[in-house]
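# Geometric and topological summary
Here's the letter readout for the chains.
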Amino acid sequence: MEATVIEEQNKMLLRPYTQQEVKTALFQMDGLSSLGPDGYPATFYKKHWRLVGDQISTAVLHVLNENGNLSEINSTYITLIPKKKSLTKVFEFRPISLCNIVAFEALHTMKAKMTGREGYMALKLDMIPQEVFHPSRGIRQGDPISPYIFILCAEALSKLIGKAEATGVINGVPIARGPLRVSHLFFADDSLLFCKANAFEWGRLFNLLRVYEEALGQRLNMDKTSIIFSKNTSRLTQHYILSIAGMRSSMTYEKYLGLPSIVGRNRTNSFKSILDAVRRKISGYKVKSLSQAGKEIFIKAVVQALPTYTMSVFKFPKTLLHSINNVINKFWWG
């Protein structure tokens, strides 16, 4: 694999951090978002930099340049998004709220717009360790550098796929008119790989994954890994690829990044879970005894927040919006 960092860039990365870089990074932060456990937003430090700037810079540079202790300042809040109902274990929560329009645009193109003889497929990737992992020394979960280690590993797979696409070994899915194609998308541990729906490209992509597995000590989780086919892929081709891959086809009810991976013509049914969630929230016996002021706060802070994440990507049908409003109105006037 070719080096991507030249000697000059490496020298720049290794040089000591400066007080000006600390100030620049702080002043680029959103002033009122992501409060820490101390309750002070970034705007506090910006406004009073003349008073606290030297102390903050000294503490930060002690950590960056002198390997100082992070334990006293490395506290944060993590928002956990449930992956399913009736949660019993920590890994059933999703500790991210990322979303990317590109992923759903690519899937939508495959399932709704794609025509012609050549079909495409998307592999929803799920990796697990090849054997039991026994941590001893080194980076643990929660260490601030652990995400960068994951990025380095994912970068290796990205380079393999990118090189394969550049040499014509595999072909990414077209998502717009013109030469724009997407071969892979990575979102933390959720990954999508795209190629043409034929046995030759699947075999080449599978070989790339084998190389990645041997290097990283991971393997495909066959129970969770699935394949999404474009609408112009014949049933015979789908069955053949699934048989040689030993995987299953992705179901319409499955989700990706907490959102439906496939949205059919009946969009109301695709997002019916949002309406069901609203009904569950207002059907509890505790909320029914709220005063009018309490109902107002509950609607604004809880109920109206339920569809926000999904609406940031998809446009809801009017019938679904009317149904949600009707449920809220009955709760308000009931």
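Refer to the structure above for everything that follows.
Overview of the structure. (Residues numbered from 1 in each chain as written. Predicted model: local features only at pLDDT ≥ 70, side-chain atom pairs only at ≥ 80, totals over all residues. Heavy atoms only, no water.)

### Some thoughts on the overall build of the protein chain
- Check the secondary structure of the protein chain and you find 14 helices and 13 strands.
- Across the 334 residues of the protein chain, 32% fall into the buried class.
- Contacts in the protein chain between residues far apart in sequence, at least 24 positions, make up 65% of those at least 6 positions apart.
- Within the structure as shown, the protein chain displays about 22300 Å² of accessible surface, and the carbon and sulfur contribution to it stands at 56%. (Helix = DSSP H or I, 4+ residues; strand = E, 2+ residues; numbered from the N terminus. Buried < 20%, exposed > 50% of the residue type's maximum accessible area, 1.4 Å probe, protein only. Contact = heavy atoms within 4.5 Å. Areas by Shrake-Rupley, 256 points an atom, 1.4 Å probe, with all protein chains shown as cover.)

### Considerations on the sheet that holds strand β11 (residues 248-249)
- Here we have 5 strands laid out as an open sheet, ordered β7-β8-β3-β10-β11, and mixed in their pairing. Edge positions in the sheet fall to β7 (184-187) and β11, since each has one partner strand and no second.
- Sheet topology places strand β3 (residues 120-125) next to strand β8 (residues 190-196); 6 bridges connect them, and they run antiparallel. The partner of L123 across the bridge, within β8, is L193.
- The sheet strands contacting helix α7 (residues 199-216) are β3 and β8, and the helix crosses β8 at an angle near 145°.
- Taken strand by strand, helix α8 (residues 235-245) contacts β3, β10 (226-229) and β11, and its axis lies near 165° from that of β10. (Pairing = 2+ DSSP bridges. Axes fitted to C-alpha atoms, helices over the stretch in contact; angles between N-to-C directions.)

### Some details on the environment of I170
- Assignment of secondary structure puts I170 in the loop between α6 (146-166) and β5 (173-174).
- When the C-alpha atoms of I170 and E201 are compared, they prove to be 5.6 Å apart, with 31 residues separating the residues in sequence.
- Every residue in contact with I170, bar those within four places of it in the chain, is listed here: I161, A164, E165, F194, C195, E201, R204 and L205.

### Some words on the environment of R267
- Its place among the elements puts R267 in helix α9 (residues 267-270).
- Under the relative-accessibility criterion, R267 is labelled partly exposed at 29%.
- As for R267 and F316, which are separated by 49 residues in sequence, their C-alpha atoms are 7.5 Å apart.
- Residue contacts for R267: discarding those within four places in its chain leaves F314, K315 and P317.

### Side note on the packing of helix α12 (residues 292-303) against helix α14 (residues 318-333)
- Running from N to C, α12 and α14 cross one another at 160°; their axes reach a closest spacing of 10 Å. Of the possible angle classes, the one that applies to α12 and α14 is roughly antiparallel. With respect to the hand of their crossing, α12 and α14 are arranged in right-handed fashion. Taken together, the residues of α14 that come into contact with α12 (itself represented by Q292, K295, E296, F298, I299 and V303) are I328, F331 and W332.
- Taken together, the residues that form the contact of α12 with α14 break down as 6 nonpolar, 1 polar and 2 charged. (Parallel < 35°, antiparallel > 145°, perpendicular 65-115°, else oblique. Left-handed = near helix turned anticlockwise from the far one by under 90°. Nonpolar A, V, L, I, M, F, W, Y, C, P; charged D, E, K, R; others polar.)

### Notes on the packing of helix α10 (residues 272-282) against α12
- One way to put it is that α10 packs onto α12 with a least axis distance of 12 Å and a crossing angle of 145°. Regarding α10 and α12, the two cross each other, and that crossing is right-handed. Touching V278, K281 and I282 of α10 are F298, V302 and V303, all from α12.
- Taken together, the residues of the contact of α10 with α12 break down into 5 nonpolar, no polar and 1 charged.

### Details of the packing of aromatic side chains
- Tallied over the entire structure, the rule returns 6 aromatic pairs.
- When the ring of W332 is compared with that of W333, the centres are 6.3 Å apart and the planes differ by 80°; the resulting orientation is edge-to-face.
- In this structure, K23 packs its charged tip against the face of F27, placed 5.6 Å from the ring centre.
- Above the plane of the ring of F331 lies K295, whose end atom (NZ or CZ) is 5.3 Å from the centre. (Phe/Tyr/Trp six-rings, centres within 6.5 Å; stacked < 30°, edge-to-face > 60°. Lys NZ or Arg CZ within 6 Å of the ring centre and 35° of its normal.)

### Brief notes about the nonpolar core
- Within the largest apolar cluster, 22 residues are counted, with the highest numbers of intra-cluster contacts made by M121, L123 and I227.
- Only β3, α6, β8, α7, β10 and α8 provide two or more residues apiece to this core.
- Counting residues per element, this core draws most heavily on α7, at 5 residues.
- With residues up to four places along the chain from it excluded, the contact list for I227 reads M121, A122, L123, I241, L242, A245, M247, R248, S249 and S250. (Core = buried A, V, L, I, M, F, W, Y, C linked by side-chain atoms within 4.5 Å.)

### Concerning the side chain of Q238
- With respect to the helices, strands and loops of the structure, Q238 is situated in helix α8.
- The exposure class of Q238 is buried, given its relative accessible area of 12%.
- Residues in contact with Q238, not counting those within four places in the same chain, are F229, S230 and T233.

### Some remarks on the pattern of salt bridges
- Applying the stated rule across the entire model yields 6 salt bridges.
- Its salt-bridge partner being E21, residue R15 comes within 3.8 Å of it at the nearest N-O pair.
- The exposure class of R15 is partly exposed, given its relative accessible area of 47%.
- On the basis of relative accessibility, which here comes to 32%, the residue E21 falls in the partly exposed class.
- Salt-bridge contacts for D276 lead to K272; the nearest nitrogen and oxygen are separated by 3.3 Å. (Salt bridge = Lys/Arg side-chain N within 4 Å of Asp/Glu carboxyl O.)

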